[in-house]
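Spelled out, the chains give:
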Amino acid sequence: MFALADVNSFYASCEKVFRPDLRNKPVVVLSNNDGCVIARSKEAKLLGIKMGIPWFQLKAMMFSVPVMAFSSNYELYASMSNRVMAHLEELAPQVEQYSIDEMFLDIRGINRCIDFEEFGRQLRRHVSVGTGLTIGVGMGPTKTLAKSAQWASKEWPQFKGVLALTPANNRRTEKLLSLQPVEEIWGVGRRIAKKLNAMGIITALDLARTHPAFIRKNFSVVLERTVRELNGESCISLEEAPPAKQQIVCSRSFGERITTYEAMRQAVCQYAERASEKLREERQYCRHISVFIKTSPFALNETYYGNLASEKLITPTQDTRDIIAAAVDALNKIWVDDHRYAKAGIMLNDFTPTGVSQLNLFDERQPRLRSDELMRVLDDINHSGLGKVWFAGRGISPEWQMKRQMLSPAYTTRWKDIPVATL
DNA sequence: TCTGGGGTCCTAGGACCC
DNA sequence: TCTGGGGTCCTAGGACCC
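Residues numbered from 1 in each chain as written. Chains lettered and ligands numbered in written order. Predicted model: local features only at pLDDT ≥ 70, side-chain atom pairs only at ≥ 80, totals over all residues. Heavy atoms only, no water.

Helices and strands together make up the secondary structure of chain A, namely 14 helices and 12 strands. Look at the contacts in chain A between residues 6 or more apart in sequence, and 69% of them connect residues 24 or more apart. Between the mean site of the 56 positive side-chain charges and the mean site of the 47 negative ones, chain A shows a separation of 5 Å. (Helix = DSSP H or I, 4+ residues; strand = E, 2+ residues; numbered from the N terminus. Contact = heavy atoms within 4.5 Å. Lys, Arg positive; Asp, Glu negative; His and termini not counted. Charge placed at Lys NZ, Arg CZ, Asp CG, Glu CD.)

Taken together, 14 residues form the shell around DNA strand C, and within it Glu-102, Lys-147, Gly-189, Arg-191 and Ile-192 come nearest. The sugar-phosphate share of atoms of DNA strand C within 4 Å of the protein amounts to 100%. In this structure, a sugar or linking oxygen belonging to DNA strand C sits 3.3 Å away from a side-chain N or O atom of Asp-101. Within the backbone of Gly-189, a nitrogen or oxygen atom sits 3.1 Å from a phosphate oxygen of DNA strand C. Within the residue set of the surface near DNA strand C, elements represented by two or more residues are β5 (94-99) and α8 (190-198). By residue number, the principal contributor to the surface near DNA strand C is α8, which donates 3 residues. For the surface near DNA strand C, a count of residues per class yields 5 nonpolar, 3 polar and 6 charged. (Near = heavy atom within 4 Å. Polar contact = N/O pair within 3.5 Å; in protein donor to acceptor, adjacent residues only side chain to side chain. Nonpolar A, V, L, I, M, F, W, Y, C, P; charged D, E, K, R; others polar.)

With that out of the way, let us pick up the packing of helix α6 (residues 143-155) against helix α11 (residues 221-230). It is the contact of α6 with α11, at a shortest axis distance of 7 Å, that shows an interaxial angle of 70°. By the criterion of interaxial angle, the relationship of α6 to α11 is roughly perpendicular. For the pair α6 and α11, the contacting residues are Lys-143, Thr-144, Leu-145 and Ser-148 in the first and Thr-226, Glu-229 and Leu-230 in the second. Of the residues that constitute the contact of α6 with α11, the class distribution is 2 nonpolar, 3 polar and 2 charged. (Axes fitted to C-alpha atoms, helices over the stretch in contact; angles between N-to-C directions. Parallel < 35°, antiparallel > 145°, perpendicular 65-115°, else oblique.)

The element strand β12 (residues 341-352) is largely enclosed, with a buried count of 10 among its 12 residues. As paired strands, strand β9 (residues 248-258) and β12 are joined by 7 bridges and run antiparallel to one another. Bridging from a neighbouring strand, Ser-253 pairs with Lys-343 of β12. Bridging between strand β10 (residues 285-295) and β12 involves 10 bridges; their strand directions are antiparallel. (Buried < 20%, exposed > 50% of the residue type's maximum accessible area, 1.4 Å probe, protein only. Pairing = 2+ DSSP bridges.)

On the surface, a cluster of nonpolar side chains totalling about 210 Å² of accessible area is made up of Val-377, Ile-381 and Val-389. Along the chain, the position of Ile-381 falls in helix α14 (residues 371-383). (Patch = residues over 30% accessible without salt bridge, like charges linked within 9 Å, V, L, I, M, F, W, Y side chains within 5 Å. Areas by Shrake-Rupley, 256 points an atom, 1.4 Å probe, with all protein chains shown as cover. Salt bridge = Lys/Arg side-chain N within 4 Å of Asp/Glu carboxyl O.)

Sequence positions flagged by UniProt for "domain: UmuC" (unreviewed entry) are, in local numbering, residues 2-189. Annotated as residues 2-189, this span is 40% helix and 20% strand, and its ends, taken at the C-alpha atoms, are 22 Å apart. (UniProt positions renumbered as here; feature names shortened; annotations may be inferred.)

In a beta sheet, neighbouring strands are held together by backbone hydrogen bonds and run either parallel or antiparallel to one another. Taken in spatial order, the 4 strands make up an open sheet running β9-β12-β10-β11, and their pairing is antiparallel. With partners counted over all chains shown, the strands left at the sheet margins are β9 and β11 (306-317), one partner each. Here the strands of the sheet are splayed against their neighbours by 15° on average, with no regard to which way each runs. With 8 bridges joining them, β10 and β11 adopt antiparallel strand pairing. Counted as the bridge partner of His-288 is Lys-312 from β11. Docked against the sheet, helix α13 (residues 320-334) engages β10, β11 and β12, running at close to 150° with respect to β11.

Another aspect to go through is α6. Along an α-helix, residues three or four apart share an orientation, since each turn contains 3.6 residues. With 13 residues, α6 ought to run about 18 Å at 1.5 Å a step, and its terminal C-alpha atoms sit 18 Å apart, in line with that. Counting buried positions along α6 gives 11 out of 13 residues, so the element sits mostly inside the fold. Every buried residue belonging to α6 is among Lys-143, Thr-144, Leu-145, Ala-146, Lys-147, Ser-148, Ala-149, Gln-150, Trp-151, Ala-152 and Ser-153, and all of these are buried. (Expected span 1.5 Å × (residues − 1).)

Now for unusual backbone geometry. Backbone geometry places Asn-24, a non-glycine residue, at a positive phi of 65°. Following the sequence through the fold, Asn-24 ends up in the loop between α1 (10-17) and β2 (27-30). The phi torsion at Lys-160 lies on the positive side, around 50°, for a residue other than glycine. For Lys-160, the position within the fold is in the loop between α6 and β8 (162-164). By relative accessible area, Lys-160 is classed as exposed at 63%.

This part takes up the protein's contact with DNA strand B. Every one of the 22 residues lining DNA strand B counts as a neighbour, but Ser-31, Asn-32, Val-249, Ser-251 and Ser-253 are closest to it. Those atoms of DNA strand B that come within 4 Å of the protein belong to sugar or phosphate at a rate of 72%. Here a sugar or linking oxygen of DNA strand B sits 3.0 Å away from a polar atom, N or O, in the side chain of Ser-31. Contact between DNA strand B and Ser-251: a phosphate oxygen at 2.5 Å from a main-chain N or O atom of the residue. Elements with a contribution of two residues or more to the surface near DNA strand B: α11 and β9. For the surface near DNA strand B, the residue count by class is 8 nonpolar, 7 polar and 7 charged.

Written as structure tokens, this is what we have:
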């Protein structure tokens, strides 16, 4: 048996925890650059505010009560996420962090001591008391069914956020699946839902009753797994240790459009620096570096331009200097003047756990001397909290930097931002 | 004026090998 | 007239997740 615990309106709830004055008020959280809505409190949902609506449109709308908006504060959310996970780990033997606000728990055998749903309510209380956040809990014999249960626990308030589907109560599972549209199933997105609907497969129960071989032939092994999971056959297991990353991406939209090569080179250098740091945190070396740049796909009166170029290194590296050099080479292949660029990014691929590789017999390039030591010194300074050092290529406080004009304090991670209680 | 970021997995097709 | 079979590796693109 699996349980899925997820935090209700996670980002919006984090903003509310330290702002009791916002209790029962509509709150939304915006994407980077304060672009669009990515999280809504219960009250904001009731006002009919849709996910993904651009902030400039929402700002112009009139509501019966004022809507409070926040720029996204990932420092705060990551720290609150750790608190939630720590509380769940106190009550469950094996856990897998699935996303910033979701956790799968292995709850096999727990019903020998306590009823599944009673255990769910216990998890809920424990997290609520310890963090101020409310979780919903769905349980089932497979991850997919736990997800469906969790969906239903939100859909019907009478479950009060806790619902268990057990093999013993098959009628309940069928009832639920007959009420769940296919596009609400974990692993079924818009495209596949449309194709399924065209075949007359409308509900989760319809899908569960379709032959796995038919699904494999017309879709893929991924959806076949979903069908099996809906029937209680567990195909996706709990993964306690996250597998090593295969790719690192660092990309961002600009606060203001970029029109000059020099500004773009700075942006690409900055992303390359950040991506290199992540690579060293993963203790990996990479051999493949790609850079992409693009104009806004929404600008109707401009011609769209987007392109990607890659560099392949002979020797794997985790040295920021190598990665910046490769990134700039890649940028030079695709840069075109006279566009208003909206976004750029870098991707690192083809990882190996060490920097050693078979050198080409005729390779004239010498490996960098003491690269690992230099990078360690760099990372130590930047993690020390005492100061920051960086490569000159990225420039100083450029105007295209991300905009976050409604940022909340780092309540849990910065001494000067800690809330003070007064009597 | 203004529309997010970071991942995974699978598949098809081409290059190349014996 | 008529041009193999079986395999691997790589890449690009499409689907999904949060």
